[in-house]
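These are the residues of each chain, in order.
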Amino acid sequence: MSQRRIAFQGELGANSHEICQAAYPEYDPIPHPSFEDAFEAVRSGDCQLGMIPVENSIAGRVADVHHLLPDSGLRIIGERFKPIHFHLMVNPGVKLEQVKYASSMPIALGQCRKTLRKLGLKTEPVGDTALAAKMLAEHPDPTRAAVSPELAADMYGLEILVRDVEDEHNNTTRFLVMTAEPDPAPPPFTAPCITSFVFRVKNLPAALYKALGGFATNGVNMIKLESYMEEGSFTATFFYVEVEGRPEDRSVARAFDELHFFSEKFEILGVYPADPFRARG
C-alpha cells in the first residue's frame, strides 16, 4: 500500500475529516460508520493511524470511546485540539426565508440550539454532521438546511447561508491519534508529555484514595480521572487517567509504584506529546 491512510468515524466532510487533513496532510483520510469500525481498520492494518474524538468542551466526553480503548490493542501517540465551527448550508440558490428545517447529528444540534431557535428553524437529527450535508445534496429541498463543517459544503456542492451557528465560539473537540504499533517510538524528551493509562483498584478499604495518593505526594499533575463500569457490573469499576509527564520521570515512576500496590489491571495506553493548544488554552 503506497498511500498511508488514517481512519476516522463519520462521513467525508466531517470535523474528524477536517482534523485528519490538517494534522496529517500526507495521509489519505478513510471514513468509517462507527468508532468500532475505525478502531478495527487501524488494528487490522488497513489504516496506519486513527483520529478519534474523545471529548468536547461543551458536550463533554464522547460516549463509548473510552470503553473501546483498553481492549482495542491500540496505542495513543498524539492528541489534537480542534476549534469546532458549524455552518448552515443549503442547496445552491436557496434563500434563508425558504428554510424551515435544519438537520445534523444531535450533539451538533445541541451546540447550535439557541442560534437555530433564533432563526426559527426546526431541527431533525441524523447520524453525522457531514451525512446531513450529503443527504441534502442527494435529495435537494429548499425547505431544508444542514448544520455541518465548511468542508462538507465544499465536498457536496452546498452554499453556506449562515456561518458559525454554534452558540459558544470557544467550542473545541479533543482528538486522540491511535496506532496499532505495540511499541511506538517515544516522544522527544524535550517535549511536554502526557501519559494515559487505565487501572482497576483492589477490593480494599480506601483503595482508590491510597492508589491516587502517590500522584499528590510526588507532585504529579493529574489532568483527567474518569470512572467506567466494566462488563455491566456495578462492582467492577475501572478508571481512565491522564497525567503530565512520562513513566520514566522519577515523580511519575514513584506514583506508579504506589498505584500498583493498591490496584490491578494496570495498563499504559500511550505516552505522547501534549498539543501546544493546552498552553494557549
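The coordinates are above.
In this text, all values refer to a predicted model and were calculated from it rather than measured experimentally. (Residues numbered from 1 in each chain as written. Predicted model: local features only at pLDDT ≥ 70, side-chain atom pairs only at ≥ 80, totals over all residues. Heavy atoms only, no water.)

Glancing now at the overall build of the protein. Per the secondary structure count, the protein includes 10 helices and 15 strands. Counting the 281 residues in the protein, one finds 47% classified as buried. For the protein, the proportion of contacts with a sequence separation of at least 24, taken over those separated by at least 6, is 73%. Each charge class in the protein was averaged separately, 28 positive and 38 negative side chains, and the resulting centres sit 5 Å apart. (Helix = DSSP H or I, 4+ residues; strand = E, 2+ residues; numbered from the N terminus. Buried < 20%, exposed > 50% of the residue type's maximum accessible area, 1.4 Å probe, protein only. Contact = heavy atoms within 4.5 Å. Lys, Arg positive; Asp, Glu negative; His and termini not counted. Charge placed at Lys NZ, Arg CZ, Asp CG, Glu CD.)

Attention now goes to the pattern of salt bridges. All told, the structure shown has 15 salt bridges when counted by the stated rule. One salt bridge connects Asp46 with Arg5, and the closest N-O pair in it is separated by 3.1 Å. Taken together, the residues span a long stretch of sequence, with Asp46 in the loop between helix H2 (35–44) and strand S3 (49–56) and Arg5 in strand S1 (residues 5–9) at a distance of 41 residues. Asp46 gets classed as partly exposed once you look at its relative accessible area, which sits at 31%. Each of the salt bridges in this network shares a partner with another, and the network as a whole consists of Glu55, Glu79, Arg174, Lys224, Glu226, Glu242 and Arg278. (Salt bridge = Lys/Arg side-chain N within 4 Å of Asp/Glu carboxyl O.)

Quick look at the packing of aromatic side chains now. According to the stated counting rule, one finds 10 aromatic pairs in the structure shown. Look at Phe197 and Phe256: their rings are 5.1 Å apart centre to centre, the planes differ by 80°, and that puts the pair in the edge-to-face class. With Phe197 in strand S12 (residues 193–201) and Phe256 in helix H9 (residues 250–262), this pair connects stretches of sequence that are 59 residues apart. A residue is classified by how much of its surface remains accessible, and Phe256, at 6% relative accessible area, is buried. Here Phe215 and Phe256 contribute two aromatic rings whose centre-to-centre distance is 6.0 Å and whose plane-to-plane angle is 80°, an arrangement assigned as edge-to-face. Here the residue Phe215 occupies a position in helix H8 (residues 207–217), and Phe256 occupies one in helix H9, the gap between them amounting to 41 residues. Accessibility assignment for this pair places Phe215 and Phe256 in one class, buried. A network of ring pairs unites the aromatic residues Phe197, Phe199, Phe215, Phe239, Phe256 and Phe266 as a single cluster. The aromatic ring of Tyr101 is capped on one face by Arg144, whose charged end is 4.6 Å from the ring centroid. Across the ring face of Phe261, the terminal group of Lys202 is positioned such that the distance to the ring centre comes to 6.0 Å. (Phe/Tyr/Trp six-rings, centres within 6.5 Å; stacked < 30°, edge-to-face > 60°. Lys NZ or Arg CZ within 6 Å of the ring centre and 35° of its normal.)

On to a positive patch on the surface, then. A cluster of like positive charges, contributed by Arg113, Lys114, Arg117 and Lys118, occupies part of the molecular surface. Within the secondary structure layout, Arg113 lies in helix H5 (residues 113–118). (Patch = residues over 30% accessible without salt bridge, like charges linked within 9 Å, V, L, I, M, F, W, Y side chains within 5 Å. Areas by Shrake-Rupley, 256 points an atom, 1.4 Å probe, with all protein chains shown as cover.)

A separate point is helix H6 (residues 129–138). Looking at H6, one finds that the buried residues are Thr129, Ala130, Ala132, Ala133 and Leu136. Angular distribution of buried residues about the axis of H6 spans 155°; they occupy a single face of the element. Its side-chain oxygen placed 3.0 Å from the backbone nitrogen of Ala130, Asp128 serves as the N-cap of H6. (Arc of directions from axis to C-beta. Polar contact = N/O pair within 3.5 Å; in protein donor to acceptor, adjacent residues only side chain to side chain.)

What follows is about the environment of Gln9. Of note, Gln9 is situated in strand S1. Remark: the alpha-carbon pair of Gln9 and Arg43, spanning 34 residues in sequence, is separated by 15 Å. Leaving out residues up to four positions away in the same chain, Gln9 has contacts with Ser16, His32, Pro33, Ser34, Phe35 and Ala38. A distance of 3.3 Å separates a polar side-chain atom of Gln9 from the backbone oxygen of Pro33.

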